[in-house]
Structures are given as structure tokens and as C-alpha cells.
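These are the residues of each chain, in order.
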Amino acid sequence: MAGDPYGWPVLLALVLAAAISFVSSNIFIDDARDQLILREKYMRFGSQIVMQEQEKKANRRLMALKKMEISEALKTQQFPPSMHFFQAKHLMEDSQVFHIIRKMPKGAALHLHEFGMASMEWLVKNVTYRPNCYFCITPEGILQFKFARPAPPNPSAGECSNWVLLEEHRKNSKNVTEFDNSLLKAFTMVTKDPEKIYPSEEAVWKKSQNILLSISGLVRHAPVFKDYIFQGLKEFHEDNVFFLEIRTMLWPVYELNGETHDQLWVVKAYEEVIQEFSRTHRGFMGLRLIFSEDRNKSIAIIAHSVQKAMKLRELFPHLVAGFDLVGREDTGHNLYYYKEALTIPVMHGVKLPFFFHAGETDWYGTSIDRNLVDAMVLKTTRIGHGFALTKHPILRAYSKEKDIPIEVCPISNQVMKLVSDLRNHPAASLMGSGHPMVVSSDKPAIFGAKGLSYDFYEVFMGIGGKKADLRILKLLVMNSIKYSSLVQTDKDFYMKVWKDRWNKFIEKLARRPR
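Residues numbered from 1 in each chain as written. Predicted model: local features only at pLDDT ≥ 70, side-chain atom pairs only at ≥ 80, totals over all residues. Heavy atoms only, no water.

Caption draft 1: Region of the structure containing the sheet that holds strand 9 (residues 320-326). Strand order in the open sheet made by the four strands is 1-5-8-9, with parallel pairing throughout. In this open sheet, the two strands that pair with only one neighbour each are strand 1 (107-113) and strand 9. When strand polarity is set aside, the average angle formed by the axes of neighbouring strands in this sheet is 25°. As paired strands, strand 8 (residues 286-294) and strand 9 are joined by six bridges and run parallel to one another. Within strand 9, the position partnered with Phe291 by the bridge is Phe323. Strands strand 5 (241-248) and strand 8 of the sheet are contacted by helix 11 (residues 263-280), whose axis makes an angle of about 155° with strand 8. Strands strand 8 and strand 9 of the sheet are contacted by helix 12 (residues 299-315), whose axis makes an angle of about 165° with strand 9. (Pairing = 2+ DSSP bridges. Helix = DSSP H or I, 4+ residues; strand = E, 2+ residues; numbered from the N terminus. Axes fitted to C-alpha atoms, helices over the stretch in contact; angles between N-to-C directions. Contact = heavy atoms within 4.5 Å.)

Caption draft 2: Broad picture of the pattern of salt bridges. Counted by the stated rule, this structure contains 23 salt bridges. The shortest N-O distance in the salt bridge between Arg130 and Asp227 comes to 2.9 Å. Residue Arg130 is found in the loop between helix 5 (120-125) and strand 2 (133-137), and its partner Asp227 is found in helix 10 (residues 222-238); the two are separated by 97 residues along the sequence. For Asp227, a relative accessible area of 32% corresponds to the partly exposed category. One salt-bridge network, in which partners are shared between bridges, spans Glu245, Arg247, Asp324, Arg382 and Glu407. (Salt bridge = Lys/Arg side-chain N within 4 Å of Asp/Glu carboxyl O. Buried < 20%, exposed > 50% of the residue type's maximum accessible area, 1.4 Å probe, protein only.)

Caption draft 3: Quick peek at the sheet that holds strand 10 (residues 357-358). Pairing is parallel in the open sheet, where four strands are placed in the order 10-11-12-13. Of all the strands in the sheet, just strand 10 and strand 13 (437-439) have a single pairing partner and so form its edges. Alignment of strand 11 (residues 383-385) against strand 12 (residues 406-408), held across two bridges, turns out to be parallel. Across the sheet, residue Gly384 finds its bridge partner in strand 12, namely Glu407.

Caption draft 4: Seen up close, helix 19 (residues 453-463). Here helix 19 lies mainly inside the structure; eleven of its eleven residues are buried. Restricting attention to buried positions, one finds in helix 19 the residues Ser453, Tyr454, Asp455, Phe456, Tyr457, Glu458, Val459, Phe460, Met461, Gly462 and Ile463. The positive-phi residue at the C-terminal boundary of helix 19 is Gly465, with phi of around 90°.

Caption draft 5: Looking closely at the environment of Gly217. Along the chain, the position of Gly217 falls in helix 9 (residues 201-219). With a relative accessible area of 13%, Gly217 lands in the buried category. Taking the C-alpha atoms as reference points, Gly217 and Ala109, separated by 108 residues in sequence, lie 26 Å from one another. Once residues lying within four places of it in the same chain are set aside, the contact partners of Gly217 are Phe145, Phe147 and Tyr254.

Caption draft 6: Highlighting the state of the cysteines. By the definition in use, this model includes one disulfide. Disulfide partner of Cys136: Cys160, at an S-S distance of 2.0 Å. Sign of the S-S torsion, about 95° for the bond between Cys136 and Cys160, identifies this disulfide as right-handed. On the criterion of sequence distance, the pair formed by Cys136 in strand 2 and Cys160 in the loop between strand 3 (143-147) and strand 4 (164-165) is long-range, its members being 24 residues apart. (Disulfide = S-S within 2.5 Å.)

Caption draft 7: Structural detail: the packing of aromatic side chains. Under the defined criterion, the tally for this structure stands at 19 aromatic pairs. Taking 5.0 Å as the distance between ring centres and 75° as the angle between the ring planes, the aromatic pair formed by Phe230 and Phe277 counts as edge-to-face. Note that Phe230 is positioned in helix 10 and Phe277 in helix 11, a separation of 47 residues in sequence. A single burial state applies to Phe230 and to Phe277, both of which are buried. (Phe/Tyr/Trp six-rings, centres within 6.5 Å; stacked < 30°, edge-to-face > 60°.)

Below, the structure written as C-alpha cells:
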């Protein structure tokens, strides 16, 4: 080619063409890359929120702290969302981001169970010190409690040990503090070595049920019941949560003389506590009940409970929100099993909103996994947990289209052994596509937590990813109002009240020194 007079120009042209092609390829790659990143960015949960100037300033403060904490975690290899909550809790409580989230007006907690609301420390230090409180121990080592006067007759052989007056036991105890700590240990799942103590889902569920068995005799005593609900509202109010929706089975409540009260009395008791709490706690917006039944019961019992829910909602439309089935999904009946019972409201032309637990499982392709299908077919208002939703693309798309939110309870999902590292929680994928959701805390007292801040922290720092900012926090709170069971006029009023609180919070955060 060197001897060809046209050789060098041809070679130069080829080189230039190759260079232009290479540059064009790079430009194409960069453009394609930028376009994909941008498209993904605008799909993300919270991306449509437009921040005002003060919010932008507050966000810079918040994100600087978040970046600093993540950088520190990379050095220490201790990042709370990647650790078990029992081992990470103290790290969270030292976090500046956590303290900001605690001060943030969080709106509503929409997925709670009544006997997991108030802290177990209060139950030990307050309730077990009340007079006429007796305890016994079952052959399985489970504590049972009862308030009575005179002393209750001793249980039959094999059921429980003889009843012992707690007041007398403490008087004779060599170490009262140690005894109280043993009660606290019995009332929570907290342990230094959760992986060893709870090697399986079976183990964690068994412990959870044992806790409910233990505290049942305490919290179902009429005076304690009202105080317990009041204390639960107080703890959430102190955590800047102003409205709650509680799953309740409306267990019978008893008096000192053994007299028991029915479900109607229990609902009225809730009503009284709400009124009393509203008088003494400024800004409290209320509480509503989701009447629930255990998913291990017969179809006949569930049918009766559905009819009871319809009646209670008719009597207390401002207080009773709807119906749900609770209990472990993997071992209980699926929703389809109860289809005859769950279609009773439609057959009678009655509106009974459903708030179904569905998809709280690691299993895929089972009849339990299909609870997600049946929950949507039965027109559930929200989906409790929805942990398995990402495995079902059609259901995922359908629930987004129909604006059916999932109630994400990250700490519960971790403690109950569905996921170990919360960065891998399925909600991360749902947030990536902007799926509707709210955050709640399920049974915080059993996990050694209070209120809603711990779960918000896990979502903000772990599930939402490194770049999740103030916008996801704002949208999660707004969603808690939007997807509540309140009527629209109440939602509008609540949103207005919350926005005033939010603006004050933002103003303080924006002024926060670096």
C-alpha cells in the first residue's frame, strides 16, 4: 500500500472513519446509559415529590448525615439495616439520622396488633406491681397471669403450677431486679444471639405465640386493658405518630371477680380511651379498629366473625374500619379456603373493607403464596406485609394499577426470619418502581422497640438505598394518611394539620448546624 499513490489517503480515511465510529459508539453508550439511569430515577418511589427551598436545604443537612453514617459503616462493617435488629438497635439510637426521624411528624401507623403496642417494660414495671396479681408456670415453662380477689382456685394437675401472688413472691425474692428482668425476657423476643436462639421460622413463631399467651392474662384485665391502650397511644404519640389502625381480635376482658365482658364492651372501652386520650394529648387524630380472626379457625367461625364485623361496623362506623385474618400464613388456611365466609358482605350488599395479611412468606408457588391473588380478587384495601409480591409480576402490576398499597413492616419481617439483611428486602424493588406503600411496625413491643421510628430508619437507610432522600420520607407519611381508612373529609383535614407540623419540622432541620 505504501507504493500506491492512493494508499495513505485511503488508510487515513479508514483510520478517521474508525475513530469517528469509536467516538460515536462512546457517545451512544453514554447517551443510552444516561437515558436508562434517568428513566429509572423518575420511576423511583418519591421521585415525583417536588421539594420547596426549605425542604432542599433540610434535605442537604439530612443527606450529609446519611452519607457520613454510611461512610462510617463501611469502615466499621456495622451497618444497622444489614444487622439483626436486636444487635443493631443500640447503633440506631446513637444515629443522628435516627434522632431526626424520631422528631419527624410521621402521620399514621396502619399495621399494628393490639397486644404488641405498649412497651413490655411498662407492663413489667407498672402492671405486674398492681395488687391481686397472681402467676403460675405451665409444664412448658410459659408464665400465666391472672388478677383475682379472692385468690383464684389452683389449676388442675398438668395445666399449670399453683397460683402465686406476685406481691408475696417479690417480698420473698432475693433479687427483685433479676426477677423483673426474667419477666421482661419472657415478654419479648429480644436476645443477644437471635440466630442461635431462633434457628427457624417455627422457633420465632412459637416464641411470639408464647409471649401473647403470657401477657394475655395481664392485658385482658379490665382496668389494665384501658391503661394498656392508653399507654400504647402515648408511646406512639411521643414518637410523633398521630393516628393508628389496630388489628384486634376483641378478646373477652375480665374483672377482678371473674366477670367477663363481650366484644361490644371492648369496642366501647376503646371508644372511652380514645376520648380520654384526645382530651389530654394535643394533636392526636384518633384510632380505628380492624376486627380480626385467626386463620386457623373453621369456615363457620370465620363466617360468624365476618357477620360480627359487619354488625360492629354498623354500630361504630367511626371506629370499626373493616376485617382481616391474622396468624401465621404458612401454617394457616389460605383466603380461598374461606371464600364462602369472605363473600358474605357482597352477598348481603354490605360494604365491609378488607385489610388482608397476604404474602408474608418466603415460599413461592404454594397455596399460601396465592393469598396475594385472593386478597386482590376480594378487593383488599391494603396488603399486610406483601413480602412475596415481587415474585408475581402480574399481581405487582395489578396492585400498582389499582393503587393497592403494601404495609411494609421491615423489623417484623427480619425478626420473623423472612429476610436477614434489610437491604435485600423485597420492598427495595417495589420502591424502585414507585409501588404504593406505607411503613408500620406490626408488634414493636415484642421486638423491644417503640413507635414507628425504628422501622422508618430501616427503610430510609437500608431498603431505600444510598440515594433515598427526604422525598421518600415525605411520601411515606403522606401515604399513611392517603391510604388510611378515614373518610376523605377527615383525610383532607388531617393532611392540612400534618403539613403545618411538617413545615415546622423542616424549618428546624434546615436551620440545623452542619
